[in-house]
Amino acid sequence: MNMDGTSTSSDCPGIESPLLNNFVGGAVDYKGRPVLRSKSGSWRSAYFICGVGLAERFAYNGVSSNLITYLTGPLGQSTAKAAEIVNAWSGTALLLPLVGAFIADAFLGRYLTIIIASLLYVLALALLAFSTLIPSDCTSATDGSSCSPQLQFIIFFISLYLVAFAQGGQKPCVEAFGADQYDVDDPEELKSKSSFFNWWFFGLCSGPTIGIFVLSYVQDNISWGLGFGIPCVIMGFALVIFLFGTMTYRFGEKTQEKNLFRRISHVFVTAARNWRFLNKVLVSPDGSNEDVTVCSADEVEEAKAVLRLIPIWVSCLAYGIVFSQTSTLFTKQGATMDRSMGSTFEIPPATQQSFINLSVIILIPIYDMVIVPLTRAITNIPSGITMLQRIGTGLFISIVSMVVAAIVETKRLNIARKYGLLDDPNAMIPMKIWWLLPQCLLARAGGVFTIIGMQEFFYDQMPRDLKSIGLALYLSVLGIGSFLSSFIISIIDKTTGGNDQDGWISDNLNQGHVDYFYYLVAGISAGAFVIFIYAAKSYVYKGESGM
């Protein structure tokens, strides 16, 4: 027996010490000490982490959900220009997690990155709210022409992109840090980890569902400053809650091994210099100097694990185009429709995104508590279906959502034509906003499969030291999808418009053809889906490759 009272395997041959077994291998607490399973990690820690993640989504959605309305209203931008701005900002915001994840995995660690990013978030949101208080020159415009208040515009965009930088540091790290709290070597915690990704997405949708509804109403009817200021306060409280959980968190044990980024880049550089395939850069097993190479088998396998993800990542990009429509053109469609409830209350157009999130609140419990157990009994897979099967299912649903959106838009245009409202951009089409629910529900149902599937897939298949980068990869799919959407809209605006003619995406949606655009996106998504099926069939999971 040791001096600290713990028994060793030599004291009781063949008997495993319960006390030693209660420590989590490869994990330490905030002071670098070994952690007990019973006092750290799992849902005990995840609740604190989910709190700051939920607040971040509340803040981000509070800004993004109604951004197109603010741009076309107080800032005086056209619909097409506002959609391009929103897509460009959203794309940047969803690509910046790659930078934040790199900084966290290579230098600061996830915990410290979350704290710094949260502080930047509070500062950015405060500046964003302040920008709305700057006097606008638009109030003096009497000719009805659009205007762009320069000082307000500049400060607004500085604060807007500070928000993007802040979420870029926080979002991949919070989710990865939450998943780090589960020990994959423990069967019960392994099941909980798979469930964590489902309920994480549930939490990130249920909170903003209420937030978007409340904030969009405040922004449209009370004050844009208050609508941007509330998320600032919420974010500050969430950071305090996150810090309270510090003593329960599990941190990765530091090793003396060379940084993983250096190891992987070393493999690629060695292969490039010698014009070799990755397998050819292995160290000679007999240690001879003949055909000397400098990379170990583990380093090569880590590099190959990253390369295997590229075809899947590329084939998912079309989903990002579909995803970007929910916060832009879906909102503009809703703004033209009958949004009345009762005799006095009118639903803000951005709140339809709350209905999108509401579908997640309904679908996640059904999926986690009903579909997973049923499919698990058939497939014997802990998660019910494989990660790639889940992603593929969501991609197919997203294609259907675009087709449905096109059909509904065609109906909206036909009703506008029937009532002679095509030339009136401010006319309310006598068609209830509830007609948009099918496309919104299908879009989010696709997200339940695709987004959560990508989260789990890219986290699970990346090497241990690159988990934050893995989650940033799934976010980059959405980010590049937003850029692609912006690019396609720009091309369509130039090719279908001009010479005083309305294009597919016009300031007056009644004169445009957004339905054609939706059909185009559905076609692009269908082509990408075929590529995904091919890539998924040839993919070898990390565990099956010997890593």
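Up top is the structure.
Now for a description of the structure that goes with this document. Chains are numbered independently. Their residues run from 1 in the order of the written sequence. This being a predicted model, a pLDDT of at least 70 is required before a residue's local features are given, and a value of 80 or more before pairs of side-chain atoms are given or counted; all residues contribute to the totals for chains, interfaces and linings. For the side-chain quantities, the full set of heavy atoms in the structure was used; hydrogens and water were omitted.

1. With respect to the pattern of salt bridges
- One speaks of a salt bridge when a side-chain nitrogen belonging to Lys or Arg is within 4 Å of a carboxyl oxygen belonging to Asp or Glu. Evaluation of the coordinates by the stated rule reveals four salt bridges.
- With a shortest N-O distance of 3.4 Å, Lys432 and Asp338 are connected by a salt bridge. Here Asp338 lies in strand E4 (residues 337–338) and Lys432 lies in strand E7 (residues 429–432), a separation of 94 residues in the sequence.
- Each residue is placed in one exposure class: buried if its accessible area under a 1.4 Å probe, protein chains only, is under 20% of its type's maximum, exposed if it is over 50%, and partly exposed if it falls in between. Taking the relative accessible area as the measure of exposure, Lys432 reaches 33% and is therefore partly exposed.
- Classification of Asp338 as buried rests on a relative accessible area of 14%.
- Salt-bridge contacts for Arg412 lead to Glu409; the nearest nitrogen and oxygen are separated by 2.9 Å. Linking Arg412 with Glu409, this pair stays in helix H14 (residues 387–418), spanning three residues, or about one helical turn.
- Arg412 gets classed as buried once you look at its relative accessible area, which sits at 0%. Strands are runs of DSSP state E lasting at least two residues, helices are runs of H or I lasting at least four, and both sets are numbered from the N terminus onward.

2. Focus on the sheet that holds strand E2 (residues 34–36)
- Two strands make a pair as long as DSSP finds a minimum of two bridges between them. Across the sheet, which stays open at both edges, the three strands sit in the order E2-E1-E3 with antiparallel pairing between neighbours. The sheet is open, and its two edges are formed by E2 and strand E3 (251–252), each paired on a single side.

3. A few points about the nonpolar core
- We define the nonpolar core as a collection of buried residues of types Ala, Val, Leu, Ile, Met, Phe, Trp, Tyr and Cys that are connected through side-chain atoms lying within 4.5 Å of one another. Ranked by internal contacts, the top residues of the largest apolar core, which has 124 residues, are Leu71, Phe156, Phe242, Leu388, Phe457, Phe517 and Tyr518.
- When residues of this core are assigned to their parent elements, the largest contribution, twelve residues, is made by helix H6 (residues 150–179).
- Core analysis: the next-biggest nonpolar cluster, separate from the first, contains five residues, Tyr367, Val372, Ile397 and Phe449 among them.

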